[in-house]
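One letter stands for each residue in the lines below.
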Amino acid sequence: MLNLWTFIFLCFLHLSSFNVVLGGVGDSLVSENPFTPKASVIRYWNKEIRREITKTHFLLSKVSPLTAVDSASFSKLAAQNDLASHLRSFCSSAKLFCFPDLSPSLEKHPKDERFAVYSNMNFSNYGTDRLAGVDSFKNYSEDSNIVVDSFHRYSRDSTGHKEQFANYASEGNVVDQNFHSYAASATGGSGNFNNYNREVNNPNLRFSSYGDDSNGHGQTFTQYTENANAGNGQSFSSYGKNGNGVPNEFSSYGKGANVIGSGFSGYGEAANGANDSFTSYGFDSNAPQNTFKSYGDGGNAAVNTFSSYRDQSNVGDDSFQSYAKNSNGEKVDFSNYGQSFNEGTDKFTGYGQGAVVQSIGFKIYGRNSTFKDYAKKEGIVFGRYNNGSSSETAQVKGGSSAVNKWVEPGKFFREKLLKQGTVMPMPDIKDKMPVRSFLPRTIVSKLPFSSSKFGELKRIFHAGDNSTLETVMLDALKECERAPSPGETKRCVGSAEDMIDFATSVLGRNVEVRTTENVKGSKENIKIGSVKGINGGKVTKSVSCHQSLYPYLLYYCHSVPEVRVYEADILDPKSLEKINHGVAICHLDTSSWSSNHGAFLALGSGPGRIEVCHWIFENDMTWTISDS
């Protein structure tokens with residue numbers, strides 16, 4: 001007698017041997033194996049929503065590409081809590097965002113090397129005991145989606161060895177590099193990071209015990225993470241510990257970057273004769289956040305220079321905790337430090353505590369700083385310390401309009417611009433996130449999604465401690481678990497069925513979902529063609545869904561009351577040819593928005609005083625009640 005599972009399997013083979021037609025008539029005909037995730041979503045849509053989904057609907061492009069067999073197999077593995085051991089095949093088949101598992105490279109490189117095409121490599125023990133020579137990393141991992149490199153014990157115990165990183169990982173998306181014990185106990189030589197991680201998204205670079213016990217092995221960081229966007233930034237832990245005569249130069253580090261943070265913990269600890277220079281560090285950047293904790297602790301005769309540090313940046317917060325604690329002969333010079341357009345915050349706690357014969361100079365130092373256990377020490381000179389009002393500093397800098405440069409032209413606009421014939425800038429609406437797909441509900445429902453089970457999530461997706469992937473996942477969980485704003489209803493969804501459920505729970509079943517047709521016109525001037533107000537242009541509510549970075553496609557969906565939604569033809573302003581069909585949403589009630597919201601920086605005014613409109617970007621969407 002056949003058992004139940006054998007019977008089900010035979011039925012599955014029989015049904016999967018042909019395709020069935022789902023949907024109605026006309027272009028809504030969708031031929032699909034009935035057991036695939038796509039077929040499941042089509043049935044669910046047709047059941048829950050009062051119109052059939054067409055085969056060209058953009059939402060279907062985000063549904064899992066898993067075959068019926070793979071979907072059943074991975075669902076079973078998820079139920080057995082065994083996906084982690086099959087992660088490589090799971091990520092590949094389901095089109096997920098997973099980091100490569102790096103194994104140490106066994107390649108031997110006894111001579112000078114020029115690396116130009118390597119990507120996602122583990123350079124453990126590379127250059128160990130190397131005598132002289134030069135290794136060059138040029139255009140390494142350029143324009144890559146995921147860059148994961150490990151440089152453990154690179155150039156350890158080397159003598160006179162030089163490392164050059166030029167145009168490393170430029171324009172990458174999600175960059176994770178780990179320099180652990182790099183150049184430890186090295187003598188002489190130098191490392192040069194030039195144009196490193198330019199214009200990357202989500203950089204996470206860790207320099208742990210970098211240059212420990214080294215002697216005269218200097219490092220130069222020039223144009224490092226220039227124009228980078230978001231991310232943890234860089235972590236320098238025990239960098240140069242016990243080093244001797246190690247000069248480090250940070251020039252144009254983080255220039256023009258957006259919300260980049262750096263952490264210097266135990267940097268130069270117990271070092272002798274260290275010479276660190278921060279020139280134009282964080283220059284012209286947006287909201288840089290840097291933490292100096294126990295920097296130079298116990299150091300001897302160190303010289304640190306901060307010149308034009310965070311100059312012309314917007315806001316920004318720096319924390320100096322126990323900086324140069326118990327040091328001897330420490331000399332620190334802050335020249336033209338923190339001259340930001342918009343008021344930032346600097347906190348000095350226990351700075352120079354227990355130090356002997358130190359010299360600290362603040363020349364043309366920015367305002368709004370807190371000095372605790374510090375200001376009464378001898379050897380500290382304040383020259384032209386600017387503690388005036390924000391308006392005074394703004395006048396020096398040329399007016400508050402300079403702040404607007406941090407809001408891309410066209411990112412926010414007023415409702416009156418949505419009329420035929422208007423010429424206006426369009427922001428970059430291109431999706432910068434890695435391409436991913438939804439998971440089938442049968443799989444995503446079996447995976448934990450909670451910060452309380454974060455350890456299990458890390459195991460499943462092979463997220464290492466302090467890795468970029470760990471940070472990415474934790475950030476998404478925190479945003480999803482955040483309490484909703486007043487009047488907001490929110491939910492994070494990892495399957496198309498969950499998104500349909502949330503949208504219909506807010507708006508009912510008579511709904512439509514819209515997004516901007518393509519990305520043409522991005523970062524250019526456009527001309528508005530014909531405009532249509534959804535629901536007759538009446539005030540309505542919508543459900544907007546924005547992507548969150550996560551291994552599988554995850555959307556943060558939330559209800560948005562008091563809006564008007566528009567569709568507009570987008571024309572080339574010269575040829576008048578239609579190049580796009582855009583969807584825009586206008587928020588009529590901005591009273592709960594922060595006064596520092598980018599919309600008010602770009603448009604002026606403040607919360608509750610104006611309406612704010614923006615385009616729906618690529619792969620984002622807004623759900624509304626249907627017109628018909």
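Reading the values: rules and limits
Residues numbered from 1 in each chain as written. Predicted model: local features only at pLDDT ≥ 70, side-chain atom pairs only at ≥ 80, totals over all residues. Heavy atoms only, no water. Core = buried A, V, L, I, M, F, W, Y, C linked by side-chain atoms within 4.5 Å. Buried < 20%, exposed > 50% of the residue type's maximum accessible area, 1.4 Å probe, protein only. Helix = DSSP H or I, 4+ residues; strand = E, 2+ residues; numbered from the N terminus. Contact = heavy atoms within 4.5 Å. pLDDT = per-residue confidence, 0-100. Polar contact = N/O pair within 3.5 Å; in protein donor to acceptor, adjacent residues only side chain to side chain. Disulfide = S-S within 2.5 Å. Salt bridge = Lys/Arg side-chain N within 4 Å of Asp/Glu carboxyl O. Pairing = 2+ DSSP bridges. Axes fitted to C-alpha atoms, helices over the stretch in contact; angles between N-to-C directions. Parallel < 35°, antiparallel > 145°, perpendicular 65-115°, else oblique. Left-handed = near helix turned anticlockwise from the far one by under 90°.

Peer 1: Help me understand the nonpolar core in this model?
Peer 2: One broad trend across soluble globular proteins is that nonpolar side chains are buried collectively. Residues Phe207, Phe306 and Phe334 are the most contacted members of the largest nonpolar core, which totals 48 residues. Breaking this core down by element, the ones donating at least two residues are strand E7 (173–180), strand E9 (201–208), strand E18 (331–335) and strand E20 (359–363). Not counting chain neighbours up to four residues away, the residues in contact with Phe306 comprise Phe278, Phe292, Phe320, Tyr323, Val332, Asp333, Phe334, Ser335 and Tyr337. Among the nonpolar cores identified, the runner-up in size contains 37 residues, and Phe74, Phe90, Ala94 and Ala476 belong to it.

Peer 1: Is there a simple way to think about the confidence of the model for the protein chain in this case?
Peer 2: Low-confidence regions, as indicated by low pLDDT, have predicted coordinates that should not be scrutinised in detail. Looking at the protein chain as a whole, its pLDDT mean stands at 80, while 82% of the residues score no less than 70. Segment residues 388–403 is flagged for pLDDT under 50; beyond a separation of four residues in sequence, or across chains, it makes 16 contacts in the model.

Peer 1: Please explain the environment of His581 as it appears in this structure.
Peer 2: Following the sequence through the fold, His581 ends up in strand E29 (residues 578–587). Sequence separation between His581 and Leu571 is ten residues; the distance between their C-alpha atoms is 8.7 Å. A distance of 2.8 Å separates polar atoms of two side chains, one belonging to His581 and the other to Asp569.

Peer 1: I'm lost on the state of the cysteines in this one. Help?
Peer 2: Two cysteines form a disulfide when their sulfur atoms are joined by a covalent bond. Under the counting rule described, the total for this entry stands at four disulfides. The partner cysteine of Cys91 in its disulfide is Cys98, sulfur to sulfur 1.9 Å. Handedness of the Cys91-Cys98 disulfide follows from its S-S torsion of about -70°: it is left-handed. Overall, Cys91 belongs to the buried group, its relative accessible area being 7%. Given a relative accessible area of 11%, Cys98 falls into the buried group. Across the disulfide from Cys480 sits Cys492; the S-S distance is 2.0 Å.

Peer 1: Honestly, the pattern of salt bridges in this entry has me stumped. Any pointers?
Peer 2: Taken as a whole and judged by the stated rule, the model has 18 salt bridges. Of the charged contacts, one joins Arg414 and Glu611 as a salt bridge, the two residues approaching to 2.8 Å between their closest N and O atoms. Taken together, the residues Arg414 in the loop between helix H5 (390–397) and strand E23 (423–425) and Glu611 in the loop between helix H10 (598–603) and strand E30 (612–615) connect sequence positions 197 residues apart. Under the relative-accessibility criterion, Arg414 is labelled partly exposed at 29%. A salt bridge links Asp428 to Lys432, with the nearest nitrogen and oxygen atoms 2.5 Å apart.

Peer 1: Just checking my understanding: could you explain the pairing of strand E28 (residues 554–571) for this structure?
Peer 2: Successive residues of a regular strand alternate their side chains across the two faces of the sheet. Among the 18 residues that make up E28, 15 are buried, leaving the element largely enclosed by the rest of the structure. For strand E24 (residues 490–493) and E28, the ladder comprises four bridges, and the chain directions are antiparallel. Paired with Val493 across the bridge in E28 is Tyr555. When strand E26 (residues 525–533) meets E28, the two strands line up antiparallel, connected through five bridges. Paired with Lys532 across the two strands is Glu567, which belongs to E28. As defined by bridge partners, strand E27 (residues 540–548) adjoins E28 across eight bridges and the pair is classed as antiparallel. If you follow Ser548 over to E28, its bridge partner there is Leu554. What sits between E27 and E28 in their antiparallel hairpin is a turn of five residues. The hairpin turn running from E28 into E29, its antiparallel successor, is six residues long, and Leu576 in that turn takes a positive phi close to 65°.

Peer 1: I tried to follow the packing of helix H2 (residues 37–48) against helix H9 (residues 496–507) on my own but got confused; where do I start?
Peer 2: The relative placement of two packed helices comes down to the angle between their axes together with the axis-to-axis distance. H9 packs onto H2 with a crossing angle of 15° between their chain directions and a minimal axis gap of 10 Å. By the angle class used here, H2 and H9 are roughly parallel. In terms of crossing hand, the pair formed by H2 and H9 is right-handed. Together, Ser40, Val41, Tyr44, Trp45 and Glu48 of H2 and Ala496, Glu497, Ile500, Asp501 and Thr504 of H9 make up the contact between the two elements.

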